[in-house]
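# Chains, contacts and geometry: an overview
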Amino acid sequence: MKVLLLVNPFSSSVTARTRVVIRKALAGDHEVEMAETARRDHATRLARSAAAAGTDVVVVLGGDGTVNEAANGLAGSATALAVLPGGSTNVFARTIGLPDDPVEATASLLNALEHRSMKRIGLGSVNDRYFLFHVGMGYDAAVVAQVEKRSSLKRYASHALFVWSAIETWFRHFDHTSPAMSVELPDGTVVDDGYFCIAFNTNPYTYLGTRPLDIAPAATFDRG
């Protein structure tokens, strides 16, 4: 297979050694090219170019943000998306059953490629952008914005940074004086006093350490 290994060198768990080991493992049976992301949305452009060039699989070594960017570049194409956990939480990789160690996950990926174990999944979309597992609005988005302001700490603080940002955002960086949004449900019901909304494509919402935070257990990739 023709494979692009797409690496975010700034992700929490990505090291030079990890990149070398994974590339060598993939190159044993496949034609592998490696590219590194350098800026926001770079992964989208690299993935889209790979699909246009007839690449069979784009393997993303990075966190959920990099995976999301790559998915937006591949959506609707014939090129498959594979993920290797390189971030602090790796929700998507863990949701599909991969080990949290990127080298161990590579062994699982190689087995899947050998058996052509691929499937199509539905994607959600908001503001003309696709999402893989969920999109948060209101308070959730405000928390993520605060985390990204301290992105250099994610490699070291990871989950503790999210917890602290959630508390700090609630008390210092979120407007409680008026509702942030209204939500119209498929049956016509309108919730017009929303402060916090999450749309799920699958479950869980996130992980705190090894514990999944299950909010919408009925959400699966198969339901659309």
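Residues numbered from 1 in each chain as written. Predicted model: local features only at pLDDT ≥ 70, side-chain atom pairs only at ≥ 80, totals over all residues. Heavy atoms only, no water.

Let us look at the overall build of the chain. Within the chain, the regular secondary structure consists of eight helices and twelve strands. A globule of 224 residues ought to have a C-alpha radius of gyration of about 17 Å, and the chain, at 18 Å, matches this closely. In terms of overall dimensions, the chain has a C-alpha envelope of 60 × 40 × 30 Å along the principal axes. The buried share of the chain, reckoned over its 224 residues, is 43%. Long-range pairs, those at least 24 residues apart, make up 62% of the contacts in the chain with a sequence separation of at least 6. Split by element, the accessible area of the chain, about 12,400 Å² in all, is 53% carbon and sulfur. Here the chain holds 21 positive side-chain charges and 23 negative ones, and the gap between their average locations is 7 Å. (Helix = DSSP H or I, 4+ residues; strand = E, 2+ residues; numbered from the N terminus. Rg over C-alpha atoms; globule rule 2.2 N^0.38 Å. Buried < 20%, exposed > 50% of the residue type's maximum accessible area, 1.4 Å probe, protein only. Contact = heavy atoms within 4.5 Å. Areas by Shrake-Rupley, 256 points an atom, 1.4 Å probe, with all protein chains shown as cover. Lys, Arg positive; Asp, Glu negative; His and termini not counted. Charge placed at Lys NZ, Arg CZ, Asp CG, Glu CD.)

The next point concerns helix 8 (residues 159-172). Relative to the 20 Å expected for 14 residues at 1.5 Å per residue, helix 8 spans 20 Å between its end C-alpha atoms, a close match to the ideal helical length. Every buried residue of helix 8 is accounted for by H159, L161, S165, E168 and T169. (Expected span 1.5 Å × (residues − 1).)

Turning to the nonpolar core, a few remarks are in order. Soluble globular proteins: nonpolar side chains tend toward being buried together. Within the largest apolar cluster, 39 residues are counted, with the highest numbers of intra-cluster contacts made by L5, V57 and V59. With residues near it in sequence (within four places) discarded, L5 still touches R19, I22, R23, L26, V32, E33, M34, A35, V59 and L61. Counting residues in hydrophobic clusters, the runner-up holds six residues, among them V143, V147, L161 and F174. (Core = buried A, V, L, I, M, F, W, Y, C linked by side-chain atoms within 4.5 Å.)

On to helix 2 (residues 42-52), then. The complete set of buried residues in helix 2 reads H42, A43, T44, A47, A50 and A51. Close packing links the buried residues of helix 2 with strand 1 (2-7), strand 2 (31-36), strand 3 (57-62) and helix 3 (64-74). G54 occupies a position one or two residues after helix 2 and carries a positive phi of about 85°.

Moving on to a nonpolar patch on the surface. Together, V163, W164, I167, W170, F171 and L208 give the surface a local cluster of nonpolar side chains, amounting to about 680 Å² of exposed area. Along the polypeptide, W170 turns up in helix 8. Owing to a relative accessible area of 39%, W170 belongs among the partly exposed residues under this scheme. (Patch = residues over 30% accessible without salt bridge, like charges linked within 9 Å, V, L, I, M, F, W, Y side chains within 5 Å. Salt bridge = Lys/Arg side-chain N within 4 Å of Asp/Glu carboxyl O.)

This part covers the environment of L46. Along the polypeptide, L46 turns up in helix 2. Here the alpha-carbon distance between L46 and A70, two residues 24 residues apart in the chain, equals 7.7 Å. Setting aside residues up to four positions removed in sequence, L46 forms contacts with L4, L6, A35, E36 and T37.

As a further point, take the side chain of N8. Relative to the helices and strands, N8 is located in the loop between strand 1 and helix 1 (16-27). Reaching out from N8, the side chain makes a polar contact with the side chain of T66 at a distance of 3.0 Å. Discounting residues that sit within four places of it in the chain, N8 has contacts with V14, T37, L61, G62 and T66. (Polar contact = N/O pair within 3.5 Å; in protein donor to acceptor, adjacent residues only side chain to side chain.)

Taken as a whole, the second largest pocket encloses approximately 960 Å³ of empty space. Surrounding the second largest pocket, 28 residues form its lining, A80, L81, M118, K119 and I121 being those nearest its centre. Among the elements of the structure, helix 3, strand 4 (80-85), helix 4 (91-95) and helix 5 (102-114) are those that each provide at least two residues to the lining of the second largest pocket. Partitioning the lining of the second largest pocket into residue classes produces 20 nonpolar, six polar and two charged. (1 Å grid on protein atoms, 1.4 Å probe; cavity = no way out; pocket = protein on both sides within 12 Å on 5 of 7 lines; lining within 4 Å. Points joined across faces, edges and corners; volume = space filled by probe spheres on them. Nonpolar A, V, L, I, M, F, W, Y, C, P; charged D, E, K, R; others polar.)

Spatial strand order, 2-1-3-4: four strands in an open sheet with parallel pairing. Of all the strands in the sheet, the pair left with one neighbour each is strand 2 and strand 4. Each strand axis lies, on average, 20° off the axis of its neighbour in the sheet, ignoring direction. Of the pairings in the sheet, the one linking strand 3 to strand 4 comprises six bridges and is parallel in character. Residue pairing across strands places G62 opposite P85, the latter belonging to strand 4. (Pairing = 2+ DSSP bridges. Axes fitted to C-alpha atoms, helices over the stretch in contact; angles between N-to-C directions.)

At a minimum axis separation of 10 Å, helix 1 and helix 5 run at an interaxial angle of 15°. When the interaxial angle is binned, helix 1 and helix 5 end up roughly parallel. The way helix 1 lies across helix 5 gives a crossing that is right-handed. Within the contact between the two elements, helix 1 uses T18, V21, I22, A25 and L26 and helix 5 uses P102, V103, T106, L109 and L110. Residues that form the contact of helix 1 with helix 5 fall into these classes: eight nonpolar, two polar and no charged. (Parallel < 35°, antiparallel > 145°, perpendicular 65-115°, else oblique. Left-handed = near helix turned anticlockwise from the far one by under 90°.)

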